[in-house]
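Next come the chains, spelled out residue by residue.
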Amino acid sequence: MVKVAEKFKVSGSYMARVCTNLNVPRPERGYWAKLAVGKALHKPSLPELKPGDPVSWSQDGEFQSLPRPRLVAPPRPGPPRNKLLRPVAGVHGLIRNAKGDYDAGYKVDEGQHLRPYKRLLVDITASSAGLDKALGFANDLFNALESAGYRVLISSPAENFTRPRIDEREQLSKLQRGEHSYNYTHLWSPQLPTVVYVGSVAFGLAVIEMSESVVLRYVNGKYIRESDYKPPKTSVRYVDHSWTTTKDIPGGRLRLVVYAPYPGVSWSISFQESRDRTLTTDIPKMVKSIENSTEVLVAKVKEEERQAELRRKEWAAQQEQWRQEEDRRRVAESIKESRAQLTKVIEDWARVVSLEQFFSGIQSRAQDLPEEQRQEVLNRLALAREFVGTQDPLEFFRSWKTPAEKYLPLSMQKAAEKRD
């Protein structure tokens, strides 16, 4: 372990934690000493990979996205069972230390939902008064699912699962229940979804303490329920400076939302308790509903994958269209620029040739002048040549570029790539 840790520039204990996280067997203490004397124990094989197991580790926290395994709905369960197959009891691993993490959080008003600092937690949203009840229900639900053979865990970052926005209000109007309804909220949400695997199919699980619309009265710096308010006795010296308002506050009743954690897939079912019936009573019904929803969810995931492939092809076709349009624009621009440059070369050529003819004519005529005048003209001709400078008209022509030299069309680029 120490030698492997040195290779990756980490400590041995860090490497041990990585192996534990990835469920990779490692030598026990004293293994190498026993091996040296021929008494080493049998090396265990790598455990079978189960849905939701992490398969990679990154020290910087960046995880490589993995291809989604083929989703297959497990066989339909047999006749309804009255008892669980493999009863699991006790405190579930996700619940064991959750209470302390939820109690340690940002300051909230009395009676509001908790907002823990830690975000890598089981997906439970509750007030301080309702936390124990929510944790107890989640523990019973997770144990029931585990007893039925379904793993409950916090999803791996490599899965790229998503969690939809969950409305905490107990009573929703038709408008609020609409697909595009919006409710601004400060509710805590986990970093990664809590999921249960039914075969290879994942279902997101979220437990939330519902809020109810309550009339509150502001008295002495805080809000209390209007039903708990007792007006003071009338007095000449005392005036009751208070007012009422309506707010949504946690009401103590729970809702379970089972949703599709796959990106782009919109599907969910929910169970919420009433004043007369708790959610714990309906846990067998919840397990059964999740089992019966696998085929529906698999079909929706496959349809989303099909639609995503269509969108990918449409986007690729749109990009190709834009590329072809840009290619045509640049071809036309290169032809225009090449033509303009050639026209400029011809004009410069004509100007230089005209100047040369002019200077040659002056020099020829100067030969017929008297010596003194001829020398004066030749001196001025030298100054004029120096002023204009020496120009080779062939350099203008060499600087001209053809349209293909300015921009190589895509068709010619592909032909060149094939030749290479």
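Below: a short report on this structure. Bear in mind that the values here come from a model prediction, so they are computed numbers and not experimental data. (Residues numbered from 1 in each chain as written. Predicted model: local features only at pLDDT ≥ 70, side-chain atom pairs only at ≥ 80, totals over all residues. Heavy atoms only, no water.)

## Considering the overall build of the protein
- A count of helices and strands for the protein gives eleven helices and seven strands.
- Residue burial in the protein is summarised as follows: out of 420 residues, 30% are buried.
- A separation threshold of at least 6 residues defines the contact pool for the protein, and within that pool the share at least 24 residues apart is 71%.
- Roughly 28500 Å² of accessible area belongs to the protein as shown, and the carbon and sulfur atoms make up 53% of that amount. (Helix = DSSP H or I, 4+ residues; strand = E, 2+ residues; numbered from the N terminus. Buried < 20%, exposed > 50% of the residue type's maximum accessible area, 1.4 Å probe, protein only. Contact = heavy atoms within 4.5 Å. Areas by Shrake-Rupley, 256 points an atom, 1.4 Å probe, with all protein chains shown as cover.)

## Here we look at the packing of helix H7 (residues 294-366) against helix H8 (residues 371-388)
- The contact between H7 and H8 brings their axes to 9 Å, and the two run at 165°. Taken together, H7 and H8 sit at an angle that is classed as roughly antiparallel. Where H7 crosses over H8, the two elements pack in a sense that is left-handed. Residues Leu355, Glu356, Phe359, Ser360, Ile362, Gln363 and Ala366 of H7 form the contact with H8, whose participating residues are Arg374, Val377, Leu378, Leu381, Ala384, Arg385 and Val388.
- Per-class residue counts for the contact of H7 with H8 are nine nonpolar, two polar and three charged. (Axes fitted to C-alpha atoms, helices over the stretch in contact; angles between N-to-C directions. Parallel < 35°, antiparallel > 145°, perpendicular 65-115°, else oblique. Left-handed = near helix turned anticlockwise from the far one by under 90°. Nonpolar A, V, L, I, M, F, W, Y, C, P; charged D, E, K, R; others polar.)

## A short note on helix H5 (residues 131-147)
- Here H5 is 17 residues long and its end C-alpha atoms lie 24 Å apart, about the 24 Å a rise of 1.5 Å per residue gives.
- Among the residues of H5, those classed as buried are Leu131, Ala134, Leu135, Phe137, Ala138, Asn139, Leu141, Phe142, Asn143, Ala144, Leu145 and Ser147.
- Looking at the residues trailing H5, positive phi occurs at Gly149, about 95°. (Expected span 1.5 Å × (residues − 1).)

## Considerations on the packing of aromatic side chains
- Tallied over the full model, the rule gives eight aromatic pairs.
- Consider the rings of Tyr102 and Trp188, whose centres lie 5.5 Å apart with planes at 70°: the pair is edge-to-face. Here Tyr102, found in helix H4 (residues 98-103), pairs with Trp188, found in the loop between strand E2 (151-154) and strand E3 (194-198); they are 86 residues apart in sequence, far enough to count as distant. Here Tyr102 and Trp188 have matching classes, each one buried.
- Arranged with centres 5.2 Å apart and planes meeting at 85°, the rings of Phe161 and Tyr262 form a pair that is edge-to-face. Highlighted residues: Phe161 in the loop between E2 and E3 and Tyr262 in the loop between strand E6 (243-259) and strand E7 (268-272), separated in sequence by 101 residues. Of the two residues, Phe161 and Tyr262, both sit in the buried class.
- When the ring centre of Tyr106 is taken as reference, the NZ or CZ atom of Arg115 above it lies at 5.2 Å. (Phe/Tyr/Trp six-rings, centres within 6.5 Å; stacked < 30°, edge-to-face > 60°. Lys NZ or Arg CZ within 6 Å of the ring centre and 35° of its normal.)

## Observations concerning a nonpolar patch on the surface
- Residues Trp349, Leu394 and Phe397 make up a contiguous nonpolar surface patch of about 290 Å² in total accessible area.
- The class of Trp349 is partly exposed, set by a relative accessible area of 36%. (Patch = residues over 30% accessible without salt bridge, like charges linked within 9 Å, V, L, I, M, F, W, Y side chains within 5 Å. Salt bridge = Lys/Arg side-chain N within 4 Å of Asp/Glu carboxyl O.)

## What about the packing of H5 against helix H6 (residues 283-292)?
- At a minimum axis distance of 10 Å, the contact between H5 and H6 shows a crossing angle of 50°. It follows that H5 is oblique to H6 by the angle criterion. Judged by the sense of rotation from one axis to the other, the crossing of H5 with H6 is right-handed. Note on element contacts: H6 touches H5 through Ile283, Met286, Val287 and Ile290, opposite Phe137, Asp140, Leu141, Ala144 and Leu145.
- Here the residues of the contact of H5 with H6 are counted per class, giving eight nonpolar, no polar and one charged.

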